[in-house]
Amino acid sequence: MKLDELGDWRRTHFSNQITADKDGEPTTIFGWVDEVRDLGGIIFIILKDREGKVQITINKRDFHKDRLNDIRKLTRESVIGVKGIIKRSVIAKSGVEVIPTDIKILNVAKTPLPIDTSGKISANLEKRLDMRVLDLRIKERIYIFKIKNTLINAIREYLQNHGFMEVFTPKILATATEGGAALFSVNYFGRSAFLAQSPQLYKEALTSSFEKVYEISQFYRAEEFDTSYHLNEFISVDIEMAFAERQDVMSILEQLIIYALEKVTANNENELKFLNPNFKIPTAPFKILTYKEAIEILRSKGFDISMGEDIPVSGNKLIGNEVNGPYFIIDWPLSLKPFYIKPKKENPELSESFDLNWSWLEIASGGTRIHIKEQLIERLNKLGLNPEKFEPFLTYYDYGMPPHAGWGMGLQRLLMIVTNVNDIREVTLFPRDKRRLIP
Ligand code: AMO
């Protein structure tokens, strides 16, 4: 089939802007063929774009005869442009249709499609991810990423409105930021380097000049997880704030989540109604449990766990069933937290830390940091980490590091809750997990 050039055609409307009140107005629309139905005297094309679908009604008698054959043969997912007139319609589902004066065939999709894009037959997630770009033409997927787009914008807006400066810290590092072993190594001109696990040491250092900073970025963890909520490349929203303690940044986290979710319910009413009709914005203040209280709740339910142990997801599930919506767990044993978290003054076995969980899922974690060099070195040594490796950072602590606090939130984890999906890959465009490096 001979393909047309785009030429000087430009879009005037998205499908959702084709409304009955524009009856009689000219339009140019572009999109993908969802369906072609040849009913004798009339050919219907359902055209879909990012915003939805619109019916194109071709009256064979009035249309270019030499184009009809090609149009009739258009396959699903072929790319077309339509110039025509918007017409109020009593028959079309949406109450409106486009009567074309001209159609451009810009690309023809091969058949059969590797996955069904009509939404009727659902392929398994792995197969869909193999064909992710096609998969992303299915309405539900676009809905998820529209909500993600609103979330990111709202988070940025909130932090900007509250005096935080956006920063971009390096992703290629000489040392670990979290102190653990789970690092991807990179050959950096013959030297060994690592992919950043978090912006931790940089965001802390930046509080000594910019005071309030945030970063939204991908980070890398080489852990061999095989769960529905871990990725090896994930998106983290991080903040760090000078002259603040745990309760200040917990309150920012709480307010930011409420603000962002209000934006989602306002801007993505349709999407949310479809994906998660029962979703409710949580109200402040979020419930706060101490680690000790959390363990006591678990034990009272017959859950086998001792003080000092990390709480597994199965434990979070039990607590999550008790609490409606998000809840903080504070005062974790110091031994379960990274070296930069401040011990509690009145009980140094515990820490000035918190996690934010929602249902069974950990969404964020953070706390008050150590800002005194000697204390930081002591903690590194205790954890068997070599302070010399951290020297470039430790030097900053010699020249006026302010008291500070912050947190990191997994953007995809929050999105999983909002969109009600049970696999983090669903809310990630091109996920990277233990098995997947393409597409
Ligand atoms: P943490 O390691 O708890 O803390 O990470 C913070 C939040 O990031 C999300 N997250 C992940 N999401 C998907 N896949 C992963 N592999 C993954 N790892 C973490 C979680 C988690 O709560 N520097 C500290 C934060 C801070 O104290 O500021 C940190 O990285 O939602």
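Everything discussed here concerns the structure shown above.
Residues numbered from 1 in each chain as written. Predicted model: local features only at pLDDT ≥ 70, side-chain atom pairs only at ≥ 80, totals over all residues. Heavy atoms only, no water.

### So, the site of the ligand
Gln200, Lys203, Arg221, Glu362 and Arg369 are the nearest of the 22 residues found near the ligand. One of the side-chain nitrogen or oxygen atoms of serine 365 is found 2.7 Å away from an oxygen atom of the ligand. Contact distances for the ligand include 2.7 Å between an oxygen atom and a side-chain N or O atom of arginine 369. For the ligand, the protein covers 92% of the area, taking 630 Å² as the surface of the free molecule. Residue assignment for the shell around the ligand shows that the elements contributing at least two residues are helix H5 (200-206), strand S15 (361-368) and strand S16 (404-410). In the shell around the ligand, the residues fall into nine nonpolar, seven polar and six charged. (Near = heavy atom within 4 Å. Polar contact = N/O pair within 3.5 Å; in protein donor to acceptor, adjacent residues only side chain to side chain. Areas by Shrake-Rupley, 256 points an atom, 1.4 Å probe, with all protein chains shown as cover. Helix = DSSP H or I, 4+ residues; strand = E, 2+ residues; numbered from the N terminus. Nonpolar A, V, L, I, M, F, W, Y, C, P; charged D, E, K, R; others polar.)

### Examining unusual backbone geometry
Threonine 111 connects to proline 112 through a cis peptide bond whose omega is -10°. Mapping proline 112 onto the fold places it in the loop between strand S5 (96-107) and helix H2 (125-130). Backbone torsion omega between alanine 284 and proline 285 reads -5°, so that peptide bond is classified as cis. Here proline 285 is to be found in the loop between helix H7 (269-275) and strand S12 (287-290). Despite not being glycine, glutamate 77 has its phi angle at roughly 80°, a positive value. Summarising the element assignment, glutamate 77 is placed in the loop between helix H1 (65-72) and strand S4 (79-88).

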